[in-house]
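# Results of the structural survey
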Amino acid sequence: MPLPPLPDTAVVLGAVVSTWREALERTGEALVASGAATEAYTQAMIDLVDEHGPYIVISPGLAFAHARPGPTVRRDGLAVVTLREPVVFGHPHNDPVSVVLGLAVAEVGAHLESIGEIANTFNDPTVTGRLAAASTPDEVRAILGVPA
Amino acid sequence: MKIVTICGAGIGSSGILKVNAEKALESLGLSAAVVAADVASVRAAADDANVILTSAEFVEAIGDTYAEVIVIRNHFDQGEITAAVDRALGEH
């Protein structure tokens, strides 16, 4: 199974946030709620953007939030947070963001299969918009082809 | 030939670029090693690279290099990535 499961606890639909930082906090909370990561992982995701800028907005409307593998990750996990109102990350081309895909990976190397699956899924340019419009976790899982 | 993909952690967006660069090579009938790395290790990872694929945010940190540095805007746009790889490594 290439992508980690996506339990209901890891899905937040229509989150109300006003900054990119809050969007990443909601995503980190979802990874904590599903048991994939500790709270320190949330801060690590935010730190990466503070350090390097909004590069995690890798395609129009989508932020791919993650940090490095390590002790802040409990097990591989995925989270999806959709935003009621899109927020600006400061990216020159791909703002505003309406969907945050969170990923926690326990160890380097093993994650490449998941990354490949994410690429295969999101190379379809309709996926981000469909996720943004999803109204149930089941819908999100169907779009991504992942189990609960 | 060698392509290095660069991002902040070396696992996320550079991983996406690696996967899609490998697809681009296959569709173009080209062969190259593709390595994902974080920007902190770009010196070691890319000293023998022909091409670096990355986001605009890392161009300054990558600095002087013999490799051709190409900024990818949409990491999921296979057309954009294939065109970049073709421009850099294809026979013209």
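How each quantity is defined
The written sequence of each chain sets the order in which its residues are numbered from 1. As they are written, the chains are lettered A onward and the ligands numbered 1 onward, keeping that order. Residues qualify for local features only when their pLDDT is at least 70, as the model is predicted, and side-chain atom pairs are given and counted only at 80 or more; totals for whole chains, interfaces and linings, by contrast, use all residues. Starting at the N terminus, helices and strands are each numbered in turn, a helix being any DSSP run of H or I of at least four residues and a strand any DSSP run of E of at least two. Residues are defined as contacting one another if the C-beta atoms placed from their backbone atoms lie within 7 Å. Each residue carries a pLDDT value, the predictor's own confidence for that position, ranging from 0 to 100. For the purposes of this analysis, a nonpolar core is taken to be any set of buried Ala, Val, Leu, Ile, Met, Phe, Trp, Tyr and Cys residues that are connected through C-beta atoms within 7 Å. Exposure is read from a count of other C-beta atoms within 10 Å of each residue's own; the residue is exposed at 12 or fewer, buried at 20 or more and partly exposed in between. C-beta atoms are placed from the backbone. Throughout, the ten residues Ala, Val, Leu, Ile, Met, Phe, Trp, Tyr, Cys and Pro are labelled nonpolar, Asp, Glu, Lys and Arg are labelled charged, and all others, Gly among them, are labelled polar. Pairing between strands is defined by DSSP: at least two bridges between them are needed. Note on geometry: axes are lines fitted to C-alpha atoms, helical ones only across the stretch in contact, with angles between N-to-C directions running from 0 to 180 degrees. The length a helix should cover is 1.5 Å for every residue beyond the first. Along the arc lie the directions from the helix axis toward the C-beta atoms.

## Observations regarding the overall build of chain B
Counting secondary structure elements, chain B contains 4 helices and 4 strands. Taken from the N to the C terminus, the helices and strands of chain B come in the order β-α-β-α-β-α-β-α. With the principal axes as the frame, chain B shows a C-alpha extent of 30 × 25 × 20 Å. At a minimum sequence separation of 6, the contacts of chain B that also span at least 24 residues come to 56%.

## Concerning the confidence of the model for chain B
A low pLDDT means the predicted coordinates there should not be read in detail. Predicted confidence across chain B gives a mean pLDDT of 94, with 100% of residues reaching 70 or more. Taken together, the chains of this predicted complex give a pTM of 0.95 and an interface ipTM of 0.91.

## A few points about the nonpolar core
If you look at the biggest cluster of nonpolar residues, it comprises 82 residues, and the most contacted ones within it are Ala-23, Leu-31, Ala-63, Val-80, Val-97 and Val-100 of chain A together with Ala-21 of chain B. When neighbours within four sequence positions are excluded, Ala-63 of chain A is seen to be in contact with Ala-23, Ile-56, Val-57, Phe-89, Val-97 and Val-100 of chain A.

## Observations concerning the interface of chain A and chain B
With 28 residues of chain A in contact, the opposing surface of chain B contributes 20 residues. Among the secondary structure elements, those contributing two or more residues to the side of chain A that touches chain B are helix 2 (39–52), strand 2 (62–66) and helix 3 (112–122) of chain A. With 6 residues, the single largest contributor to the side of chain A that touches chain B is helix 3 of chain A. Residues of the side of chain A that touches chain B, tallied by class, amount to 17 nonpolar, 9 polar and 2 charged.

## Section: the sheet that holds strand 3 (residues 51–54) of chain B
Residue and element names in this part refer to chain B. Spatial strand order, 2-1-3-4: 4 strands in an open sheet with parallel pairing. The open sheet terminates on both sides in strands that have one partner only, identified here as strand 2 (33–38) and strand 4 (68–71). Neighbour-to-neighbour, the strand axes of this sheet turn through a mean angle of 25°, independent of strand direction. As paired elements, strand 3 and strand 4 share 4 bridges and run parallel to each other. Note on strand 4: the bridge partner recorded for Thr-54 is Val-71.

## Some remarks on helix 2 of chain A
All names here are of chain A. Taking 1.5 Å of rise per residue, 14 residues should cover 20 Å, and helix 2 covers 21 Å from first to last C-alpha, within 8% of that figure. Every buried residue belonging to helix 2 is among Tyr-41, Thr-42, Ala-44, Met-45, Leu-48 and Val-49, and all of these are buried. Along the long axis of helix 2, the arc covered by the buried residues comes to 165°, so they all point the same way. Turned more than 90 degrees off the buried face of helix 2, the exposed positions are Asp-50 and Glu-51. Buried residues along helix 2 sit against helix 1 (20–33), strand 2 and strand 4 (97–104). Remark: Gly-53 follows helix 2 within two positions and exhibits a positive phi of approximately 95°.

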